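# Observations on chain architecture
Here is how the chains run, residue by residue.
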Amino acid sequence: MVSMFSYLTSCTYLLSRDEFISRKYKMEEMYQMFVEGDDSWKSISQNEDPFTEDENKETTIGTVSISLKSLGYLFEQEQTFTITNYQGAPKGELRVEYFPCKEDGSLITEDDDVFVDDPDSLIGQPLQFVLKIPYARGIPKRFENVFCRYKCFLDSDYSTTSTITGVNPEYGYTKMHSCKPVTDQFVDYLEKSNLVIEVVGTQIPVPMKEGDMRTTKQLMNSNFSQTTTPRALMDPEKQAIMSELDSTKKRADKQQNKLVKVQELLDSAKANNQDSISVEDLQKILESNANSMGIAVA
């Protein structure tokens, strides 16, 4: 990626390698016209000018990367993530929540006593989960028309929140996603891939004062000095680890709940002077999982 800064608007844009090379050739052509005394380069339209950019161009403010491993065990996840830009610098926070649910859309709760010990056990079943983006906080003031977008699994189109201007936008976004049926590929996606949510907006043009003008070299030195440390760049990884620890704790709690129910079954048998317990009752406790709920992931 190439960073492009406009002195006319104080806006920064990111260009792909191909887009930059295309502009570079246009710059060389304009310079050659200048050398040859051809003034036609002065009449190039703004749309064709390689040194300018549309002020209304949507810009990625930053992203959050979310682990979906918890879904493989039918656990919910609620967390506030740091929005980081391409340099790893924080640009606000985004609240994201997801909940596995049943086919009718109702959420799975602890009372349902659903337990998945191995995500592979979901293969062949429908799966559903609800993704929520309630709000963002601390969006830089120089951005307006801010919205979030993402693609889940094999989605070809973006799922998008409403567009809101302000440093603390309230999105109230909710969407149900489905995988019918769960495949090896989807389980692998949950285990190894992250859901990336982009926070996008348009920049508010602010003409730079003449005294603040800097050369390209000065700008590059300034950007280099402001580049975040590797520790800051690790923030998304830290968030993924926290999510994994939370998922592990929930699985341990579920296992402990099974042991408690087995103990209750034994205590009941002793209280009734029974020398044995029902294999069927024990099996129900040990094998309680998504199969018993007819669960689909959204």
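Residues numbered from 1 in each chain as written. Predicted model: local features only at pLDDT ≥ 70, side-chain atom pairs only at ≥ 80, totals over all residues. Heavy atoms only, no water.

## Brief notes about the overall build of the protein
Within the protein one finds six helices and ten strands. With 298 residues in all, the protein has 37% of them scored as buried. Within the protein, contacts between residues at least 6 apart in sequence are counted, and of these 73% link residues at least 24 apart. Only carbon and sulfur atoms are counted for the fraction: they give 51% of the accessible area of the protein, which is about 17500 Å². (Helix = DSSP H or I, 4+ residues; strand = E, 2+ residues; numbered from the N terminus. Buried < 20%, exposed > 50% of the residue type's maximum accessible area, 1.4 Å probe, protein only. Contact = heavy atoms within 4.5 Å. Areas by Shrake-Rupley, 256 points an atom, 1.4 Å probe, with all protein chains shown as cover.)

## Digging into helix H2 (residues 184-192)
Considered for burial, the residues of H2 that qualify are Phe-186, Val-187, Tyr-189 and Leu-190. Seen along its axis, H2 keeps its buried residues to an arc of 155°; they face one direction. In H2, the exposed residues that point more than 90 degrees away from the buried face are Asp-184 and Lys-192. Summarising the contacts, the buried residues of H2 are in contact with strand S6 (127-137), strand S9 (170-179) and strand S10 (194-203). (Arc of directions from axis to C-beta.)

## Description of the side chain of Thr-52
Mapped onto the elements of the fold, Thr-52 is located in the loop between helix H1 (17-35) and strand S3 (59-67). At 3.3 Å, the side chain of Thr-52 and the backbone oxygen of Asp-49 are in polar contact. Setting aside chain neighbours within four positions, we find Thr-52 in contact with Met-4, Arg-23 and Gln-46. (Polar contact = N/O pair within 3.5 Å; in protein donor to acceptor, adjacent residues only side chain to side chain.)

## Considering the nonpolar core
In terms of nonpolar packing, the biggest core is built from 37 residues, with Leu-94, Leu-195 and Ile-197 touching the most fellow members. Those elements giving two or more residues to this core turn out to be S3, strand S4 (77-84), strand S5 (90-100), S6, strand S7 (143-150), S9, H2 and S10. Ranked by residues supplied to this core, first place goes to S6 with five residues. Ignoring any residue separated from it by four or fewer positions in sequence, one finds Leu-195 in contact with Val-64, Ser-65, Ile-66, Leu-68, Leu-131, Tyr-150, Lys-151, Cys-152 and Tyr-189. (Core = buried A, V, L, I, M, F, W, Y, C linked by side-chain atoms within 4.5 Å.)

## Details of the pairing of S3
Across the nine residues that make up S3, a large majority, seven, are buried. As paired strands, S3 and S10 are joined by eight bridges and run antiparallel to one another. Directly across from Thr-59, in S10, lies its bridge partner Gly-201. (Pairing = 2+ DSSP bridges.)

## Let's talk about H1
For H1, with 19 residues, the first-to-last C-alpha span of 27 Å sits near the 27 Å given by 1.5 Å per residue. Buried within H1 we find Arg-23, Met-30 and Met-33. For H1, the arc enclosing every buried residue in end-on projection is 70°, short of the 170-degree limit, so these residues lie on one face. In H1, those exposed residues whose orientation departs by more than 90 degrees from the buried face are Arg-17, Asp-18, Tyr-25 and Tyr-31. Buried residues in H1 make contact with strand S1 (2-6) and strand S2 (11-15). Phi turns positive one or two residues past the end of H1, at Gly-37, with a value near 80°. (Expected span 1.5 Å × (residues − 1).)

## Describing the pattern of salt bridges
Applying the stated criterion across every chain, the model contains eleven salt bridges. With a closest N to O distance of 3.3 Å, Lys-57 and Glu-53 form a salt bridge. What makes Glu-53 buried here is its relative accessible area of 18%. When salt bridges with common partners are traced through the structure, they connect Glu-19, Arg-23, Glu-53 and Lys-57 into a single cluster. (Salt bridge = Lys/Arg side-chain N within 4 Å of Asp/Glu carboxyl O.)

## Digging into a nonpolar patch on the surface
Taken together, Tyr-31, Phe-34 and Val-35 make up a surface patch of nonpolar side chains, about 360 Å² in accessible area. In this structure, Tyr-31 sits in helix H1. (Patch = residues over 30% accessible without salt bridge, like charges linked within 9 Å, V, L, I, M, F, W, Y side chains within 5 Å.)

## Observations concerning the pairing of S2
Side chains of S2 alternate between two faces, with Cys-11, Tyr-13 and Leu-15 buried and Thr-12 and Leu-14 left unburied. Bridge analysis of S1 against S2 gives five bridges, and the strand direction is antiparallel. Bridge pairing links Ser-6 to Cys-11 in S2. In this structure, the hairpin formed by S1 and S2 is closed by a connection of four residues, where Ser-10 is found at a positive phi of approximately 60°.

## Here we look at the packing of aromatic side chains
Evaluated as defined, the whole model comprises seven aromatic pairs. On the basis of an interplanar angle of 50° and a centroid distance of 5.2 Å, the ring pair of Phe-153 and Tyr-189 is categorised as tilted. Highlighted residues: Phe-153 in the loop between S7 and strand S8 (159-160) and Tyr-189 in helix H2, separated in sequence by 36 residues. With a relative accessible area of 11%, Tyr-189 lands in the buried category. Note on Phe-186 and Tyr-189: the rings are 6.1 Å apart at their centroids and 35° apart in plane angle, and the pair reads as tilted. In this pair, Phe-186 and Tyr-189 are both assigned in helix H2, three residues apart and thus about one turn of the helix distant. On the basis of relative accessibility, which here comes to 3%, the residue Phe-186 falls in the buried class. Here a set of aromatic residues connected by ring pairs shows up, and it is made of Tyr-31, Phe-34 and Trp-41. For Arg-137, the ring lying beneath its charged end belongs to Tyr-135, and the centroid distance is 4.1 Å. The ring of Tyr-158 carries the charged tip of Lys-151 above its face, separated from the ring centre by 4.6 Å. (Phe/Tyr/Trp six-rings, centres within 6.5 Å; stacked < 30°, edge-to-face > 60°. Lys NZ or Arg CZ within 6 Å of the ring centre and 35° of its normal.)

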